[in-house]
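Chain by chain, the residues:
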Amino acid sequence: MNQTASTPGTTALRFVKAIGGRSTLAPEAGHRSGGRRNLFLLALLVAALSWSWGPAEISRWTYLFTDSGNMAEYAAGFLRPDFSDWRHYLAEMLVTIQIALWGTFLAVALSVPFGILSSHNMVPWWVLQPVRRLMDLFRAIHEVVFAVLFVVAVGLGPFAGVMALFIHTTGILAKLFSEAVEAIDPRPVEAIRTTGASRVQQIIYGVIPQVLPLWISYSLYRLESNVRSATVLGIIGAGGIGQVLFESIRAFYYPEASAILIIVVITVTIMDLISQLLRRLVI
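Residues numbered from 1 in each chain as written. Predicted model: local features only at pLDDT ≥ 70, side-chain atom pairs only at ≥ 80, totals over all residues. Heavy atoms only, no water.

**Brief notes about the overall build of the protein**
- Looking only at helices and strands, the protein has 11 helices and 0 strands in total.
- Out of the 283 residues in the protein, the part that is buried amounts to 33%.
- By sequence separation, contacts in the protein at least 24 residues apart represent 73% of the contacts at least 6 residues apart.
- Surface accessibility of the protein: about 17,500 Å² in total, with carbon and sulfur atoms responsible for 70%. (Helix = DSSP H or I, 4+ residues; strand = E, 2+ residues; numbered from the N terminus. Buried < 20%, exposed > 50% of the residue type's maximum accessible area, 1.4 Å probe, protein only. Contact = heavy atoms within 4.5 Å. Areas by Shrake-Rupley, 256 points an atom, 1.4 Å probe, with all protein chains shown as cover.)

Okay, here's the thing in structure tokens:
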């Protein structure tokens, strides 16, 4: 009888030892690999910051202290807010909110199809790449630049601001929407596909229910951001409170400008509270 033959017990013992050996060595290898990756990322971050130090003029941070008197003198003009014309300020602030509402609404409506067409798990590459590059274009150009273009095209006023926010926000939301779509669980979509549903039905019943909470959250956040952006767009003639603010600062009416800034801060705070309430109700 062959004495070197393996019995079931020795075979099982060897299997356990082999598994045990791998289970103890694999985590150590993983830790080493993760440690090297983290060191590489840290070195990359340090290199990027070092490369940016000079062009960004970070060495001038001492000016914040040596020239603090100039900043204090300028800020002193804002310490006595003048609310004598508050009705006009509130009316312009409402226009700013309306600009943000329409710009965000149009962007959300267009971002739904563009977000799906920008998802690699929804469309072929020859559809994906052109749509993504178009969204990159919308996102790369700042809304201020779009506002200047639309002011030239349609004239001064809130409509130019609406169109600028609409185009720029579409690029941002389409990217966020597509990332949510790419992270879905594919099993519900596959189950719906087995029933013979069309591609549109698969998206409506299998994709959108999974991503809708994230889409709503992203849309509400962009609405908050667009209220602030609409304030800036008013400075270049796109309507709203920003135009009044710019005229006050340019004319050195600092008390009036201070009152406008306070109204803007209060409005943004209220919008944030409303957004939080809507998230709790909808999501």
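Next comes the rest of the description.
**So, the pattern of salt bridges**
- For the coordinates displayed, the defined rule picks out 7 salt bridges.
- We note a salt bridge from Asp-185 to Arg-187, for which the minimum N-O separation is 2.9 Å.
- Residue classification places Asp-185 among the partly exposed positions, given a relative accessible area of 27%.
- If you follow the salt bridges from partner to partner, you end up with Arg-133, Asp-136 and Arg-139 in one network. (Salt bridge = Lys/Arg side-chain N within 4 Å of Asp/Glu carboxyl O.)

**Here's the deal with the nonpolar core**
- Counting residues in each nonpolar core, the largest one holds 36 residues, and the members touching the most others are Met-122, Val-207 and Trp-215.
- Mapped by element, the contributors of at least two residues to this core are helix H4 (86-117), helix H5 (125-140), helix H6 (143-154), helix H7 (158-182) and helix H9 (199-233).
- Here the element with the most residues in this core is H7; it accounts for 12 residues.
- Residue contacts for Met-122: discarding those within four places in its chain leaves Ile-116, Val-181, Ile-184, Arg-199, Ile-203 and Val-207.
- Membership of the second largest hydrophobic core comes to 17 residues, among which are Val-227, Ile-241, Ala-259 and Met-271. (Core = buried A, V, L, I, M, F, W, Y, C linked by side-chain atoms within 4.5 Å.)

Functional significance is not addressed by these values, which are geometric in nature.
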